[in-house]
Number of protein chains: 2
Amino acid sequence: MTAEIKTRVVDTLRRLLNRNATASLRKIVNKTHPADLASAFHSLSHAQQATLFNLVDDREKQGMLIKKIDTDDLEALVESTNKDVFISILEQIPPDDVADLLERLPEEIGQRILEGMNQESSEEIGELLQYDGQSAGGIMVPEFIALPEETTAKTAISYIQKEHQNVEMTFYLYVVDSRDKLVGVCSLRELVTVAPETPLSGFMTTDIHFVYIDSDQEEVARIVARYDLLAVPVIDHDRKLLGIVTVDDVIDIIRDEATEDILKMVGAGDSFIETKSILKSTKIRLPWLFASCMGGVLATIIIGHFKTTLEQLVFLAAFIPVIMGMGGNVGTQSSTIVVRGLATDRIQLRNMGRVILKEIAVGGILGTVYGLFLGIVAHVGYQMWRLAVVVGASVVFTMLLAAFVGSMLPMMFARFRIDPAVATGPFVTTAIDIMSISLYFSFAKFLFEL
Amino acid sequence: MTAEIKTRVVDTLRRLLNRNATASLRKIVNKTHPADLASAFHSLSHAQQATLFNLVDDREKQGMLIKKIDTDDLEALVESTNKDVFISILEQIPPDDVADLLERLPEEIGQRILEGMNQESSEEIGELLQYDGQSAGGIMVPEFIALPEETTAKTAISYIQKEHQNVEMTFYLYVVDSRDKLVGVCSLRELVTVAPETPLSGFMTTDIHFVYIDSDQEEVARIVARYDLLAVPVIDHDRKLLGIVTVDDVIDIIRDEATEDILKMVGAGDSFIETKSILKSTKIRLPWLFASCMGGVLATIIIGHFKTTLEQLVFLAAFIPVIMGMGGNVGTQSSTIVVRGLATDRIQLRNMGRVILKEIAVGGILGTVYGLFLGIVAHVGYQMWRLAVVVGASVVFTMLLAAFVGSMLPMMFARFRIDPAVATGPFVTTAIDIMSISLYFSFAKFLFEL
C-alpha cells in the first residue's frame, strides 16, 4: 500500500466509527498496520480511540499501537482500559518502549502499572527508568548479544539461533572481556563468512563507535547517522556494555528533534500541537508572544521618546515598517542558520568568532545593497536627500547589527547550555526591533539637526 | 571514540596541515573514520582537502570520504584528482551513491567519468541517472536478493552465503513470481528459524510496504520511518522489483529535508550554507529579503496614503511596531506549524478547512488577550480611549487575520504543488505587514472621525 491508499483507509475508519459499524470496523482495524491506526488516532476523540483499540484482536498489535500514540491520548486510553489487560499488552513491547510509555504517564499511574508486571520485566524496566528519558540510557534496549572473545564463529552462530531469537533487531554481535567490558564488534555477515573455527577476536573490529549511558539522545542520533550504523552500543564509564540503541529509534529521534527545533524557534511548543485542543494550543503559544509584545511596547516607548522629532518629521513614520522588517528578517536568517548548524554539527561553538564575523560580513553586504535601494526609494518618494540618507544608513546599520545579534545570541545561549532554539526567537527579534527603532530616530534627529 | 574526542582529532588535522607535517598527517588520516575526515573538510581550503584526500591509502575509504563531502568541495576535488584514480575510487562505492555524486557534478564532467568506468558499472549507473535524484529511483540500490516463492529456506540461505556477500546491507529477502513481480518478503531471521525445507511462500509476509520508482524521497522516508523498516523495496507500476532503499540513506534524507525546510522558511538556501563563502551566502539570502523589502515599501506607500491622519495623530506611529510585530509573530507560528505538519504527515491537505478554522480560533483568542493588554497599555500611556480602542481592535483583527493567512497560504501552495517552505516566509510576512498597517490606520481614521 502507498501512503495515498492508506490515507483512504483512515477516512473509511472514521466513516464506520460514525456509523457504529462494529463488524466492519473490527475487520478493517485488524487488517490495518498499527502505525496507520495510530495516525488515524490523531484526529479521533478519546472515546472513538478506545473503541478502535478494543477491536484490535492481537495484543502485540495493540502494543505497537500504544507505542505510537500521543501522550494526551495515551493517558485517556490507559484510564479506559482494564489494568490487567493493559499490563499484558505492555508485555508485548520491548522494555525501552515500556519505560518510555511509563515516563509519559503520570507517576502514580506508571508506578501502579510497574507493580502489576511480572518481577523480571518490572525490574528491567525499573532500571531503565532510572536514566533520563532523553539520554542513551533512557532509549536503549538492555537486550543484546555479547560473547567472550575466544568464542568461535560456529559457536556464536548456534548460540544466536538457539538463544536469541527474540532480541530486537539483531545486527551486531558484541565482544566482551571477562569483566563484561566491550572490546569488539562483529557483524552477523562477517560471522557467516569466516571459517567456522575462527575465534571472534580473530575478525572483530576493535575501533568501536559507542555512546555513554548518560550521553544525550541527540549525540546518539549523531553517531548513528554519521557512521551509518544499525545499532550503537551503550556503555558505562567503565566500558561495561549495558544496552544498544537501534536505528529505528534513532529515526524517530532525528524527526522529533527537528520538529522540536522548528517549533521552538517560533514559540509553538516542543512537540506537534496542531492536533491538540484550541485552548491547549493557545496556552502553548501565548508566553512566547508575550516576549515579543514586551519588545513592541518598548518600541512604543522609544518612539514616544522621539515625539518632538516625529511631530516635525511625520513622514519618518512611513519607513518604520521596512527598517524593522529588514532587520528582523536578516536577523532571523542568521539565527536560524546558527541554530540549525549547531543542531546538525555543521557549526561548532569553538568557531564562534569566525561564524559571527562571517554573518556580520554578509549582513553588511546585504545591508549596503538594501540600504542603497531603500535610500533611493525614499528619495524618489519624498525628494529629500536627508531622509534618503537617514533611511539608507539605518538599513545598513540595522541589518549589520541584526546579523551580529542573530548569530551571537544563539551561540551564547548554547555556550551557557540554554537550548538556542527556545531562546533565540523572542530575544533576537525583540533586540533587533529596539535597536532598529533607536538607530533610525537617532540618525533622523542628528541629520535633520533637531 | 565519542564526538568530543573526534572534534579534537579534527583540530589536530588542521594544525598538522598548517605545519605541512605529511608523515604525521598520513598516520592520522588513515586512522580517522572517513565521516570524521569529511566533517573536517567543511572548514578546510580546497588545496588542504586535496592534500588530505591523497594521503588516504585505502580506495574504499577515499570513496566513503567523497560520498560525504559538500558539492562545491567535490567539484574542486574531482578537478585536482587524476581521472583514472577517481574512477577506481568510484568503483568502491555503491552504485546509488555514484549516481548521486555524478548528479552533483557538472554534466560534462559526470559524462566523462561515466564513460571511463567499466561497462557493467556504467550501464547500471546510467540507468539510475535516468531517475530524478530526489525520487525513489534516484536513491535506490539496484542490488537486492530476490528469489522465487518455491525456493526452500535452506536453498535461500546457501544462496545468500555464496552469491550475495556484497549486497549492501542485507536484511530482507524479497520473493518474486515468474515475471519478477514482488509478491512477498521474509526477514533473514525468519529464514534461519523456520524448518529448512519450508518454501518461502510458506512463511513470507505478503502485506508488503513498498514505494514506486517515481515516489518522492520524502515519501520513501515517511514509509521507512512509519513502519520501522531497515529497507524498502522499490517497484515500477507493474509491481516489478527494481531496487531497495536502505535505512542509512533514509536517515540522511530525513536530516537534510528538515534542514532544507528550516532554511527555506527563512530564505537561507536549501542546504547548509554557513561553510560557503561570504559572497555565496549573500547571493542566496538576497532574493528572499527582496520580497520582504517590497512588502516594506508597500507599507511605506500605505502609510503615505494616510498622511493627513498621521499628521493630526502623530502618536499613532508609536504603535506601528507592536501591531506589525504581533501579527507577524502569530502568522509565523501558524505557518510554521502548518509547514512542519505537512512535512511530517501530521496535517493532511484534505483537512485544510479544519486546520485553518482552528488556527483562526487560536489567533482570535491570542488576539483578544493581547488586544486587551495593548489597549490598556495605550490608554495608560496616552490617556485617550479612542487610541486604546484603535490599538486594541487592530491587534485583535491583525492577529486573527495573520493566523488565517499564515495557515491558509502554505496549504494553498502545497495544493498547487509549490513547496510551502519556500513560498511561505516572504508571502506570509508581507501579506501580514500590509494588512496590519491598513487595518490600523483605517480604524484610526474612522474612530477619530477624520
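Residues numbered from 1 in each chain as written. Chains lettered and ligands numbered in written order. Predicted model: local features only at pLDDT ≥ 70, side-chain atom pairs only at ≥ 80, totals over all residues.

Draft legend 1. Expanded view of helix α15 (residues 247-265) of chain B. Residues and elements named next belong to chain B. Over its 19 residues, α15 runs 27 Å from end to end, which matches the ideal 27 Å to within 8%, given 1.5 Å per residue. Counting buried residues along α15, 16 of its 19 residues qualify, which places the element largely inside the surrounding structure. Just beyond α15, the residue with positive phi is Gly-267, at close to 65°. (Helix = DSSP H or I, 4+ residues; strand = E, 2+ residues; numbered from the N terminus. Expected span 1.5 Å × (residues − 1). Buried ≥ 20, exposed ≤ 12 C-beta atoms within 10 Å, placed from the backbone.)

Draft legend 2. View of the interface of chain A and chain B. With 86 residues of chain A at the interface, the matching set in chain B holds 86 residues. Tallied by class, residues from the side of chain A that touches chain B come to 45 nonpolar, 27 polar and 14 charged. (Contact = placed C-beta atoms within 7 Å. Nonpolar A, V, L, I, M, F, W, Y, C, P; charged D, E, K, R; others polar.)

Draft legend 3. Spotlight on the relation of the copies chain A and chain B. Overlaying chain A with chain B gives an RMSD of 0.1 Å, the required rotation being 180° about an axis along which the chain moves by 0.0 Å. Here the copies are linked by what is in effect a two-fold axis. In this assembly the copies share their binding face: 99% of the residues contributing to the interface of chain A also contribute to that of chain B. (Least-squares fit on C-alpha atoms with pLDDT ≥ 70 in both.)

Draft legend 4. Structural detail: the confidence of the model for chain A. Per-residue confidence for chain A averages 86 on the pLDDT scale, and 95% of its residues sit at or above 70. Taken together, the chains of this predicted complex give a pTM of 0.79 and an interface ipTM of 0.79. (pLDDT = per-residue confidence, 0-100.)

Draft legend 5. Spotlight on the environment of A:Ser135. Residues and elements named next belong to chain A. Of note, Ser-135 is situated in the loop between α10 (119-129) and α11 (136-139). Take Ser-135: there are 19 C-beta atoms within 10 Å of it, and that puts it in the partly exposed class. Sequence spacing of Ser-135 and Asp-214 is 79 residues, and the spatial spacing of their C-alpha atoms is 5.5 Å. Discounting chain neighbours no more than four positions away, the residues touching Ser-135 are Asp-214, Ser-215, Asp-216 and Gln-217.

Draft legend 6. Structural context of the packing of helix α18 (residues 320-343) of chain B against helix α20 (residues 385-415) of chain B. Residues and elements named next belong to chain B. Between α18 and α20, whose axes approach to 8 Å, the crossing angle comes to 30°. One finds that α18 runs roughly parallel with respect to α20. The way α18 lies across α20 gives a crossing that is right-handed. Looking at the contact of α18 with α20 residue by residue, the class counts come to 15 nonpolar, nine polar and no charged. (Axes fitted to C-alpha atoms, helices over the stretch in contact; angles between N-to-C directions. Parallel < 35°, antiparallel > 145°, perpendicular 65-115°, else oblique. Left-handed = near helix turned anticlockwise from the far one by under 90°.)

Draft legend 7. The arrangement of the pairing of strand β3 (residues 182-187) of chain A in detail. Where strand β2 (residues 172-176) of chain A lies against β3(A), five bridges are found, and the strand directions are antiparallel. Across the sheet, A:Leu173 pairs through a bridge with A:Cys186, a residue of β3(A). (Pairing = 2+ DSSP bridges.)

Draft legend 8. Quick look at the nonpolar core. Counting residues in hydrophobic clusters, the biggest one holds 210 residues, and the most contacted among them are A:Val220, A:Val245, A:Met399, B:Val220, B:Val245, B:Val250 and B:Met399. For A:Met399, the residues in contact, after removing those within four places along its chain, are A:Met326, A:Gly327, A:Val330, A:Gly363, A:Leu366, A:Gly367 and A:Tyr370. Counting residues in each nonpolar core, the second largest holds 26 residues, with B:Met64, B:Ile89, B:Leu128 and B:Tyr131 among its members. (Core = buried A, V, L, I, M, F, W, Y, C linked by C-beta atoms within 7 Å.)

Draft legend 9. Region of the structure containing helix α19 (residues 352-382) of chain B. Between its terminal C-alpha atoms α19(B) stretches 42 Å, which fits the 45 Å expected from 31 residues at 1.5 Å a residue. Within two residues after α19(B), B:Gln383 carries a phi angle of roughly 50°, on the positive side.

Draft legend 10. Representation of the sheet that holds strand β4 (residues 211-212) of chain A within the structure. Residue and element names in this part refer to chain A. Taken in spatial order, the three strands of this open sheet run β4-β5-β6, and their pairing is mixed. Either end of the sheet is taken by a strand with one partner, and the two such strands are β4 and β6 (241-246). Relative to β6, strand β5 (residues 231-235) runs antiparallel, the two sharing five bridges. Of the residues in β6, the one forming a bridge with Pro-233 is Ile-244.

Draft legend 11. Quick peek at the domain arrangement of chain A. One can read the domain layout of chain A as domain 1 (3-134), domain 2 (146-255) and domain 3 (278-447). The centre of domain 1 of chain A, based on its C-alpha atoms, is set 47 Å off from the matching centre of domain 3 of chain A. (Domains from an automatic or database assignment.)

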